[in-house]
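# Working through the structure, step by step
Take a look at the letters that make up each chain.
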Amino acid sequence: MDEYSCFVDWDKMDVSAQSQDTKELTCTDFHELKQLARQGYWAKNHSLRAKVYHKLISNIPCRTVTPDANVYRDIVVKIIGKRNSSSLPLPEFVDNSLIPTYCLNTEGVGAVRKIILCIANQFPDISFCPALPSVIALLLHYSKDEAECFEQVCRILACNDPSKRLIDQTFLAFESSCMTFGDLVNKYCQAAHKLMVAVSEDVLEVYSDWQRWLFGELPMAYIARVFDVFLVEGYKVLYRVALALLKFFHKVRAGQPMESDSIQQDIRAFVRDIAKSVSPERLLEKAFAIRLFSRKEIQLLQMANEKALQQKGITVKQKSCLLMFQQNVHLAVHAENFKSEIVSVKEMRDIWSWIPERFALCQPLLLFTTLEHGCSLSRFYSHSEGHEPTLLLIKTTAKEVCGAYLSTDWSERRRGGSKLSFFGTGECFVFRLQPEVERYEWVIIKHPELASTASETENHAQPASSTLSFSSIPSDPSDRLSPFLAARHFNLPSKTASMFMAGSSECIIVGGGDGQALYLDADLNHGRTSHCNTFNNQPLCSESFQISILEVWGFRD
């Protein structure tokens, strides 16, 4: 059909979806380009999409020495020789990945393998890149020859803009992206996450499939639309679409029996057959309706997950490392080593499924219990300080069980001197286990002093304990703190920063979510909750309660 058609089997393509209009793309403004990509401006014109891809990829900042088309022409004969391309062994870094054909003809299918082997020759630092076959297969649709496709893929791989992440090329980067995706699912797809926890013994293994859903199972028409936006907006788009896929899977399959013995296989099958239930336009619409956090926040979370993996010595895909990783993540709460007077092993595992993935690598460690250490707030602090994060569990005399995940070391309270000091991050949350299980989305705690202008003196501020207020998070992500990271990462002024934990010699306060918050007196015998009436959810526990047992748990490597 055009100069970019030499690898396409048009008998397998939906030609009726292609437009013959001679469109051109002249805009250079990023925001306008982003809107055109999301709207599918070049999606129905094969030639125009090829030209747009070439333009976008040519503008990717790359290493000084990046292999180009001429390099491919020089090395392909030496590397491939006279061997049949269909029988060429693939390098280990593609991990036996699916090699989607995407309606390629026989020559195109063979070209994918040839290009992969030439890339392996030119990029010896790539150790794990399961998305590569799919990217090559897709770009062959919009390349004049193998050499041009090779050059475009090399530019994507050689991107040296630290703010523009494109394709994972190491096992560390890939595995940390899976953990980050798990964190995002926990935040944005709680209903689906609850289902995964209920039917799968290995939740992270399910989430480790997220790139395969996109670069392997998703049909050609869908991944091409995703790639349109990906080349403009970057890696964050992939998280958005994967979250949307999981949301649709839960919506379509909710209440239905599993089609196989594996939820992993069911999701793969759903994505392969997604055309039966969701159009490409609806998928993208759903993806961009998710109020995902900023690129910087996600990047920092990814770095935190990478650091956690490095500390565990998990940086390459080796059987021993993977076994240790699975044991740490999925068997963190060992039945034989865990004993709590408040929660069962199963309940603790449920809680573990809510915490950030990087801490799910650790095992619970009992730091404080009122049964052993008494009802003293000072002893609570002395046993909890030096540990970050911690888990607070409470059982009331009415048999209610609730608690909180506390992201920050309690020693941070000392910054406020003798006054009630506010600190913490948006990873804090409160939850209820009895009489019903409920995890509450976080809100900020606003202290009157923090909202005051810098010119106001502290003498005019009222006591914090009597003027505590709770507020839901603004809908605009730019108006709030990172839900994952501390204020110090963003150089926010301490006088205007909203925090999530508070502690003094008289009480502790934890801001939960959906209007929920927990207040404990100094004697650790009595507590109360605050519940915003604008929400329909059930309260955390009784508005005023007597504590039967209180435990604090840390996280042990």
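The rules behind each value
Residues numbered from 1 in each chain as written. Predicted model: local features only at pLDDT ≥ 70, side-chain atom pairs only at ≥ 80, totals over all residues. Heavy atoms only, no water. UniProt positions renumbered as here; feature names shortened; annotations may be inferred. Buried < 20%, exposed > 50% of the residue type's maximum accessible area, 1.4 Å probe, protein only. Helix = DSSP H or I, 4+ residues; strand = E, 2+ residues; numbered from the N terminus. Pairing = 2+ DSSP bridges. Core = buried A, V, L, I, M, F, W, Y, C linked by side-chain atoms within 4.5 Å. Domains from an automatic or database assignment. Contact = heavy atoms within 4.5 Å. Salt bridge = Lys/Arg side-chain N within 4 Å of Asp/Glu carboxyl O.

In the annotation of an unreviewed UniProt entry, the entry for the protein chain reads TBC1 domain family member 24, and the organism field reads Rhabdornis inornatus. The UniProt entry for the protein chain carries the following comment under Function (unreviewed entry): "May act as a GTPase-activating protein for Rab family protein(s). Involved in neuronal projections development, probably through a negative modulation of ARF6 function. Involved in the regulation of synaptic vesicle trafficking." Recorded in UniProt for the protein chain, the comment headed Subunit (unreviewed entry) runs: "Interacts with ARF6."

A few words now on the pairing of strand β5 (residues 429-434). For β5, the tally of buried residues reaches five of six residues, placing the bulk of the element in the interior. For strand β3 (residues 401-406) and β5, the ladder comprises five bridges, and the chain directions are antiparallel. In the sheet register, Y405 faces β5, and the bridge partner there is F429. For β5 and strand β6 (residues 438-440), the ladder comprises three bridges, and the chain directions are antiparallel. Looking at β6, one finds that R432 is bridged to E438. Connecting β5 to the next strand, β6, in antiparallel fashion are three residues.

Among the nonpolar cores identified, the biggest contains 118 residues, and W42, I119, I136, I156 and W210 are the most heavily contacted of them. Here the element with the most residues in this core is helix α12 (residues 236-253); it accounts for eleven residues. Structurally, this core is a two-domain feature, drawing no fewer than three residues from each of domain 1 (10-14 + 24-158) and domain 2 (171-312). When neighbours within four sequence positions are excluded, I156 is seen to be in contact with I57, I60, V135, L139, L166, I167, F227 and L231. Within the second largest apolar cluster, 27 residues are counted, among which are L367, L392, C428 and L524.

Next up on the list: the side chain of N305. Within the fold, N305 resides in helix α15 (residues 295-311). Ignoring anything within four residues of it in the chain, the contact list for N305 reads S176, M179, T180, D183 and R358.

Glancing now at the pattern of salt bridges. Applying the stated criterion to the full structure yields 22 salt bridges. Between E281 and R225 there is a salt bridge, and its shortest N-O distance comes to 3.3 Å. Linking E281 in helix α14 (residues 280-289) with R225 in helix α11 (residues 220-233), this pair joins segments that are 56 residues apart in sequence. Residue E281 is classed as partly exposed on the basis of its relative accessible area, which comes to 45%. You can call R225 buried: its relative accessible area is 6%. Connected through salt bridges with shared partners, the residues R212, E217 and R272 form a single ionic network.

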